[in-house]
There are 2 protein chains.
Amino acid sequence: LKQTKNIGLRGISVADTKITMIDGIEGRLEYRGYDIKDLAKSSSYEEVAYLLLFEDLPRRGDIVEFTERLISEREIPDAVHNHLMNRPRSAQPMDVLQSTVPMLADFDPDLLEETREANIRMGIRLISKTATIVAAWSRIRRGLSPQKPSRDLPHAANLLYMLHGREPDGETARDLDVCFVLHADHSFNASTFAARQVASTRAHMYAAITAAIGALSGELHGGANTKVMKTLLEIGEVEKVRGWVNRQLEQGRRIMGMGHAVYKTTDPRAIILKDMSERIGRRLGQTKWYEMTRLIEEETRGQILKSKRKEIYPNVDLYSASVYYMMGIDVDLYTAVFALARMAGWVSHIIEEKFAEAQPKPVMYRPEADYIGRYCGVLGCRYIPIEQR
Amino acid sequence: LKQTKNIGLRGISVADTKITMIDGIEGRLEYRGYDIKDLAKSSSYEEVAYLLLFEDLPRRGDIVEFTERLISEREIPDAVHNHLMNRPRSAQPMDVLQSTVPMLADFDPDLLEETREANIRMGIRLISKTATIVAAWSRIRRGLSPQKPSRDLPHAANLLYMLHGREPDGETARDLDVCFVLHADHSFNASTFAARQVASTRAHMYAAITAAIGALSGELHGGANTKVMKTLLEIGEVEKVRGWVNRQLEQGRRIMGMGHAVYKTTDPRAIILKDMSERIGRRLGQTKWYEMTRLIEEETRGQILKSKRKEIYPNVDLYSASVYYMMGIDVDLYTAVFALARMAGWVSHIIEEKFAEAQPKPVMYRPEADYIGRYCGVLGCRYIPIEQR
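Fair warning: this is a prediction, and the values are worked out from it, not measured in the lab. Every chain begins its residue count from 1, and numbering advances along the sequence as written. Chains carry letters from A onward and ligands carry numbers from 1 onward, assigned in written order. Totals for whole chains, interfaces and linings use every residue, but because this is a predicted model, local features are given only for residues with pLDDT of at least 70 and side-chain atom pairs only at 80 or more, for both listing and counting. Only hydrogens and water are set aside when side-chain values are computed; all heavy atoms of the structure are taken into account.

**Some words on helix H9 (residues 190-199) of chain A**
Residues lying three or four places apart along an α-helix face the same way, a consequence of the helix completing one turn every 3.6 residues.
Consideration 1: Accessible area is worked out with a 1.4 Å probe on protein chains only. A residue is then buried under 20% of its type maximum, exposed over 50%, and partly exposed in between. Helix numbers and strand numbers start at the N terminus; a helix is a DSSP run of H or I with at least 4 residues, a strand a run of E with at least 2. Burial within H9 of chain A is extensive, with 10 of its 10 residues counted as buried.
Consideration 2: Listing the buried residues of H9 of chain A in full gives Ala190, Ser191, Thr192, Phe193, Ala194, Ala195, Arg196, Gln197, Val198 and Ala199 of chain A.
Consideration 3: In this description, contact between two residues means that some pair of their heavy atoms is separated by no more than 4.5 Å. Of the surrounding elements, those touching the buried residues of H9 of chain A are strand E1 (13-17), helix H10 (205-217) and helix H16 (334-355) of chain A together with helix H9 (190-199) and helix H10 (205-216) of chain B.

**Things to note about the interface of chain A and chain B**
Consideration 1: Between chain A and chain B, the residue contacts involve 108 residues of the former and 108 residues of the latter.
Consideration 2: In total, chain A and chain B occlude about 9400 Å² of area from one another, counting both sides; carbon and sulfur atoms represent 58% of this.
Consideration 3: Joining two parts hides part of their accessible area as seen by a 1.4 Å probe, and the buried area is that hidden amount summed over both. When the area that chain A buries against chain B is broken down by residue, the three leading residues are Arg366, Tyr371 and Tyr383 of chain A, summing to 9%.
Consideration 4: The term polar contact refers here to a pair of N or O atoms within 3.5 Å; inside protein, the definition further demands a hydrogen-donor-capable atom paired with an acceptor-capable atom, and it admits residues adjacent in sequence only when both atoms are side-chain atoms. Where chain A meets chain B, there are 54 residue pairs in polar contact (both at pLDDT 80 or more).
Consideration 5: Residue contributions to the side of chain A that touches chain B peak at 7 residues, all from H10 of chain A.
Consideration 6: Residues are sorted three ways: Asp, Glu, Lys and Arg are charged, Ala, Val, Leu, Ile, Met, Phe, Trp, Tyr, Cys and Pro are nonpolar, and all the rest, Gly among them, are polar. A class-by-class count of the residues in the side of chain A that touches chain B yields 50 nonpolar, 29 polar and 29 charged.
Consideration 7: By definition, two strands form a pair when at least two bridges between them are found by DSSP. Sheet topology places E1 of chain A next to strand E5 (residues 368-371) of chain B; 3 bridges connect them, and they run parallel. Opposite Asp16 of chain A, over in E5 of chain B, you have Asp370 of chain B as the bridge partner.

**Considerations on helix H14 (residues 288-308) of chain B**
Consideration 1: One less than the number of residues in a helix, times 1.5 Å, gives the span that helix is expected to have. The end-to-end C-alpha distance of H14 of chain B is 29 Å, a good match for the 30 Å that 21 residues give at a rise of 1.5 Å each.
Consideration 2: Residues Trp289, Tyr290, Met292, Thr293, Leu295, Ile296, Glu297, Glu299, Thr300, Gln303 and Ile304 of chain B constitute the buried set of H14 of chain B.

**Thoughts on the packing of aromatic side chains**
Consideration 1: Any two of the Phe, Tyr and Trp rings considered here, Trp counted by its six-membered ring, make a pair once their centres fall within 6.5 Å; the pair's planes then place it as stacked at under 30 degrees, edge-to-face at over 60, or tilted in between. The final tally for this structure, using the stated rule, is 17 aromatic pairs over all chains.
Consideration 2: Geometrically, the ring pair formed by Phe193 of chain A and Tyr365 of chain A is edge-to-face, given 5.3 Å between the ring centres and 75° between the ring planes. Of the two residues, Phe193 of chain A is situated in helix H9 and Tyr365 of chain A in the loop between H16 and strand E5 (368-371); the sequence distance between them amounts to 172 residues.
Consideration 3: Residue classification places Tyr365 of chain A among the buried residues on the basis of a relative accessible area of 2%.
Consideration 4: Geometrically, the ring pair formed by Phe193 of chain A and Phe193 of chain B is edge-to-face, given 6.0 Å between the ring centres and 75° between the ring planes. Of this pair, Phe193 of chain A sits in helix H9 while Phe193 of chain B is found in helix H9, placing the two residues in two different chains.
Consideration 5: Since its relative accessible area comes to 0%, Phe193 of chain A is described here as buried.

**Things to note about the relation of the copies chain A and chain B**
Consideration 1: In the superposition of chain A on chain B (RMSD 0.0 Å, axial shift 0.0 Å), the rotation amounts to 180°. On this basis, the relationship between the two copies can be described by a two-fold rotation axis. Least squares is the method for superposing the copies, and the C-alpha atoms it fits come from residues with pLDDT of at least 70 in both.

**Some thoughts on the nonpolar core**
Note that soluble globular proteins tend to have their nonpolar side chains buried in a common cluster.
Consideration 1: What is meant by a nonpolar core is a set of buried Ala, Val, Leu, Ile, Met, Phe, Trp, Tyr and Cys residues, joined one to another through side-chain atoms within 4.5 Å. Ile209 of chain A together with Ile209 of chain B are the most contacted members of the largest nonpolar core, which totals 251 residues.
Consideration 2: Sequence-distant contacts of Ile209 of chain A, defined by excluding residues within four places in its chain, comprise Val101, Leu126, Met343, Trp346, Val347 and Ile350 of chain A.

**Brief notes about the pattern of salt bridges**
Consideration 1: The rule for a salt bridge is simple: a side-chain nitrogen of Lys or Arg has to be within 4 Å of a carboxyl oxygen of Asp or Glu. Counted under the stated rule, the structure contains 68 salt bridges over all chains.
Consideration 2: The partner of Arg125 of chain B in a salt bridge is Asp108 of chain B, and the shortest N-O contact between them spans 2.7 Å. Residue Arg125 of chain B is found in helix H6 (residues 116-140), and its partner Asp108 of chain B is found in the loop between helix H5 (93-105) and H6; the two are separated by 17 residues along the sequence. Comparing Arg125 of chain B with Asp108 of chain B, the two get one shared label, buried.
Consideration 3: Via salt bridges that share partners, Glu73, Asp108, Asp110, Glu113, Arg121, Arg125 and Lys129 of chain A belong to a single interconnected network.

**A short note on the environment of Phe54 of chain B**
Residue and element names in this part refer to chain B.
Consideration 1: In this fold, Phe54 is placed in helix H2 (residues 45-54).
Consideration 2: Considering only alpha carbons, one finds Phe54 and Ser348, 294 residues apart in sequence, at a separation of 8.6 Å.
Consideration 3: When neighbours within four sequence positions are excluded, Phe54 is seen to be in contact with Phe66 and Ile120.

Okay, here's the thing in structure tokens:
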């Protein structure tokens, strides 16, 4: 068996990027040179989206203008609204998001203008309108009317407002804002790579974002946060965590939320989310979900260290599950909320893929595969007409 | 500048495959061991789809049953039909296809069953229903009622029937059937790789197909056939071809339909399509489009050989353009027709990605990138609060 196969492309560098730096050994993450810890502490999703799109932090006038542009793009076309109203209520949120993004393309006057500026305009529309779509769907499927977007709340607070039909308290709004900052980009992860790959064929912005949404929906990627919460609900009690972890590992099953392709230490985002989960739990007098998650982390680390002599660490999905749960977000909506936050990153990567002045110039991603199937010699297998088979 | 970067992943093998073999030097293409020339001559799209999905040629009973299954899946859900009726008529066909595929997921009872059999059932539904969607959209956007699918015509003939509202003649039906055979798979091309990449996250079949549709829409990939025909219409006359080619090359522009990432000789599919284009042209007494295409090929090859001392060959998109045009298919529908044919290949690759018993086991595709952006040292750039910027 070949050891040279580039399984999952791990460790294979496929491009240069100026967007995000990950140091998997030191557990560091920077957007455009700025440490995720500083951004989580002092920045906002609006500022981070600006930083990712425009390559530097905004000045005061810039952020005022950018925020206004985002707010002005919150309404969705009537056609998309009507589509949501007619969708079967059992439709999965990620399927709904994946099918509505290409509908937005119908209405974008910049669709076929292949300039950086036009793509930034499309990106701003996508950031704003997808939040409205996800929130509208969350209400429509429960038989509620969609809540019209706020004209003044920040992006994350507006999402909670549209989900729940009432303004969130300041702490919850700020916590979700921090979640959005933490999820905004993560370099060449599977969904971002899918977006870049589609963009590399010169497909338009919406086609590329739609591919990214598909990749994020998988449980090995963004689907993990929903899976973690389902697990917590299934286990049900702090006392049952150890037994559950042991059974999973004995059966050779994966523990969702644990382990990462790039980090060989704790994901810096997980540290921040862990604190947040504990803090929200204390505030609500409901620390159970945090305690259970912490036990999953501890027990999994301990067991893997003992049995495989290797370290395993929590990733961004482990603690975001309980955080979203305590914010009152539907469990099957977590991956869509992840998609909304990652929108700024995806858009920035598509723009970099299309317009970066790199040498050698980027070309369409088109790998090869080793053919190991049927082989009948240089003329191929003999085709026998169906009557003689 | 690095020479080691894996630009576009060219020449990088990312997996083993048993589906399709391409010999780019000899110009050979085999599906499951069978030469494309034999399949184009003696097989049908139904048989090729069976071959790709079930790994061997069907016997008579198998193909009867498989054909019946395909026919029984041609109807689309009312919700999708109604969506198409309400879509703005200016919507691009590939955007329409990309947004309706995730809607089909709403109605698939096998959606969350992660078995090979369930994925084959989903694949059969996708092959049949996407043809109905594309044909319906082609009529609806012109203000016509969609044509209900035939209950007995083969797949390609049924597409022409649904597009034009009348049964095609036998020769045209067989020609499109051959086009479908030729387009059914092409190993790890950009759209198939996008599909496999999304499937590698354990996203469902529909999410992965939707990503592939996005990748195919790009003009460097499936969008090229539409681009070729637009070019032919723009040039307008055989006499103007040489001048046009020379101007394009002088300005350093790409000639769509010429050149391929893998073939270093003529694409075997292009040879068959070239003959077909000439034959259809003679039958219709309208050889102009074939002659123009042939001249683009000759002139581009001659010029590139002279200026760059290298050979360039036609690819599958060069002659499919005039073929589809003479069949009366709308120019902006060619890429969607390509998608319909490629559906069998995409589905087979998604199944291989999810269920192949390979060692080492496939994991999620997650490449790396070299960070070349802003760097302020091991602590990151200093975050300055907005008031002080």
